[in-house]
Amino acid sequence: MVSFAPTDSFHRRAVDEPRPWASISNDIQEDFDEITRQIRALQSSQDELSSSIRNLQVRAARIQNQKAAVSRIPSDVLSMIFEECRHLNPQWSGVLFVLRQSPIEVRLSHVSSHWREVALTSPSLWSSIHYPFAHKEGSLIEYLKRSDRSLLDVYIGPWREHPQIEHVLTNIILPHLPRFRQLVLDAVSRETLASLLATFRNVSAPALTRLRVMCRGPMSTAGPIASAKLFTKGAPLLSDVRLDSVAVILPKTQANTLHFYSPPGPPLPLSREKLFRAVSAFPSLRRLHVKSAIELNSATLVPPICLPLLSELVVHGLAVSTGIRMFDVISTPNIESLYLVDMNCSAISAIHRFMTQSYPKAFQSLRTLRYIRCEFSEDVDIHFLRATPDISELLIPVDKTNYLIRMLVNSDKQAAIHGCAPLWPKLRTVTLHTPGYYCAQVAGAGGVPDDEPSPTMNLLQELVTGRKMLGRPLSKLCFKGPNAGPFANEFHWGLNRVKEFVPIEVVFCQIPALLQDGGQEYDWAIIAEAYGLQLRQFLQQVQGMRQQLASILPPNFSFEPLRRRVGSPA
């Protein structure tokens, strides 16, 4: 223990000049204040040093980043890379949305100051608007501001009646309608669809080129969806229109593509009168896809829709499921490509009969004929081949009957006997959709038979050899489907036996990939449908979780805070 020896001065002060306790307390307080000031001064110096160190570290990091190759990419090239990233990045993911994952354009702008500057000065990067689920009011305003004067791709929906949504649509989105390049209207019911379409009735869309109207919700009432007029003040650049069983009446337009889709669930047929009014707005139509049912009877007499410039027509079995004959509804004298999808033998026979009876006034320009998952009857009329003389490309499914190919082979044999040109003399390309099974007897892997090829392969070989004998050889034979390989191997084996040759193309793909042969393309409309499908699946999952939790949560529990967190309307 350290002892303290008092000095003489201390004794004198303690004896001769005793100090009061208040004076001693003041001295202690002054010492404490002085120490506190010194601590604060040192802390301030430490903060300044830390700030200086951080600034120097930032400068060093920037200098180091400038040495990297990615930092020397020119701004215009970087802007193009950002644009590609935006197109490749999925536009919707429910999990990322719940986790508040920022869109790709926002994440790109948070990498570095240079990247942020490039991103903020690239208006096209902010040109995709998805309201109300992806963009709320605040971010919507910011996107519209950053997009500057660039054209906009707008997705509105799934649309529910809600005052706040209607306010934003009317006061924030609609003023930018002159900049719309693409518009997707997605409703959840017949009533909300009518409300949404009414918003775009008495307006003009001078830059709009693509329009998609979807109604993918439960229908409370049966019957056709009511028609509606859109853009009565004009949409002069509109070129591509896709509709869900709703007759949207547009002003006269130069659009060349029109699709009618059938929404999921019971078919909602289009009335012939409304279909006539809708299609009549497209005098320059070149591509028409009809996948929606059409009513058989009409209360008024409706003339056929004349489409003299139409070159491609895709008709699905659902369109004629009511018993209607498609060519009683539309007149297409100069059609070049006809795709028939998912049709039974009676529908196919009816179309063949009409084409035969129309000879020689129509179908003389038909070059491409495709049958996708269609059935044929044995009463195929040979006059059908005579009525379509310019066929150069044929797509047909391989089945056990192959009535059409058999009739073509028999007509070639008759032509060889009489020394005349065959029917379909310009036929050069034949594509065969192979089924999901392979029934030939094989000795080993690869589809090589034990001794003789199957009747189907014999028929195809006769077609190839017969065409060659008549001086009209096929330029290509394509096998396409999940079992294209075994079919092609057996066919090639049979050709080698007879010492014949024809160029063969083998395309291995699953049944969904064959949809492209039926006119379906991976384009902007498919992307919009995928977005809406994912969004609906997510909302259904949220609704299911809500119903499950309702039984265990207290009666006064409110989902409103969760709804605000997710950002979905009530």
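Computed from a predicted model, the values in this text were never measured in an experiment. (Residues numbered from 1 in each chain as written. Predicted model: local features only at pLDDT ≥ 70, side-chain atom pairs only at ≥ 80, totals over all residues. Heavy atoms only, no water.)

(A) Region of the structure containing the overall build of the protein chain. Within the protein chain, the secondary structure is distributed over 18 helices and 18 strands. Taking contacts inside the protein chain between residues at least 6 apart in sequence as the whole, the part at least 24 apart equals 77%. Total accessible area on the protein chain stands at roughly 30100 Å², and carbon and sulfur atoms take up 56% of it. (Helix = DSSP H or I, 4+ residues; strand = E, 2+ residues; numbered from the N terminus. Contact = heavy atoms within 4.5 Å. Areas by Shrake-Rupley, 256 points an atom, 1.4 Å probe, with all protein chains shown as cover.)

(B) Examining the nonpolar core more closely. Counting residues in each nonpolar core, the largest one holds 123 residues, and the members touching the most others are Ile156, Leu183, Phe200, Phe231, Leu288 and Tyr371. Ignoring sequence-local partners within four residues, the contact set of leucine 183 consists of Val154, Ile156, Phe200, Leu208, Arg210, Leu211, Arg212 and Phe231. In this structure, Tyr261, Ala525, Leu535 and Phe538 belong to the second largest nonpolar core, which totals 12 residues. (Core = buried A, V, L, I, M, F, W, Y, C linked by side-chain atoms within 4.5 Å. Buried < 20%, exposed > 50% of the residue type's maximum accessible area, 1.4 Å probe, protein only.)

(C) View of the side chain of serine 411. Considering the arrangement of structural elements, one finds serine 411 in helix H14 (residues 403-418). With near-sequence residues (within four places) excluded, serine 411 lies in contact with Ile382, Leu385 and Leu423.

(D) Focus on the packing of helix H3 (residues 75-88) against helix H6 (residues 113-120). At a closest axis distance of 10 Å, the pairing of H3 and H6 adopts a crossing angle of 75°. As the angle between them shows, H3 and H6 are arranged roughly perpendicular. Between H3 and H6, the contacting residues are Ser75, Leu78, Ser79 and Phe82 on the first element and His114, Trp115, Val118 and Ala119 on the second. Of the residues that constitute the contact of H3 with H6, the class distribution is 5 nonpolar, 3 polar and no charged. (Axes fitted to C-alpha atoms, helices over the stretch in contact; angles between N-to-C directions. Parallel < 35°, antiparallel > 145°, perpendicular 65-115°, else oblique. Nonpolar A, V, L, I, M, F, W, Y, C, P; charged D, E, K, R; others polar.)

(E) The arrangement of the pattern of salt bridges in detail. On inspection of all chains with the given rule, the structure shows 19 salt bridges. Its salt-bridge partner being glutamate 142, residue arginine 146 comes within 3.0 Å of it at the nearest N-O pair. Of this pair, arginine 146 and glutamate 142 both sit in helix H7 (residues 137-146), 4 residues apart, which is roughly one turn of that helix. The partner of lysine 426 in a salt bridge is aspartate 390, and the shortest N-O contact between them spans 3.0 Å. Taken together, the positions of lysine 426 in the loop between H14 and strand S16 (429-433) and aspartate 390 in the loop between helix H13 (382-387) and strand S15 (393-397) put the pair 36 residues apart, joining distant regions of the chain. Its relative accessible area of 17% is what places aspartate 390 among the buried residues. What you see here is one network of salt bridges that share partners, running through Arg212, Asp244 and Glu529. (Salt bridge = Lys/Arg side-chain N within 4 Å of Asp/Glu carboxyl O.)

(F) Structural context of the pairing of strand S1 (residues 128-131). Of the two faces of S1, the one holding Ser128 and His130 and the one holding Ile129 and Tyr131 are both buried throughout. Where S1 meets strand S2 (residues 152-159), 4 bridges bridge the pair, whose relative direction is parallel. Residue pairing for S2: isoleucine 129 is matched across the bridge by valine 154. (Pairing = 2+ DSSP bridges.)

(G) Summary view of the confidence of the model for the protein chain. Residues of the protein chain with pLDDT of at least 70 account for 85%, and the chain-wide mean is 82. Model confidence for the protein chain, summarised as mean pLDDT per element, is weakest for helix H1 (residues 8-16) at 49 and strongest for strand S13 (residues 337-341) at 94. (pLDDT = per-residue confidence, 0-100.)

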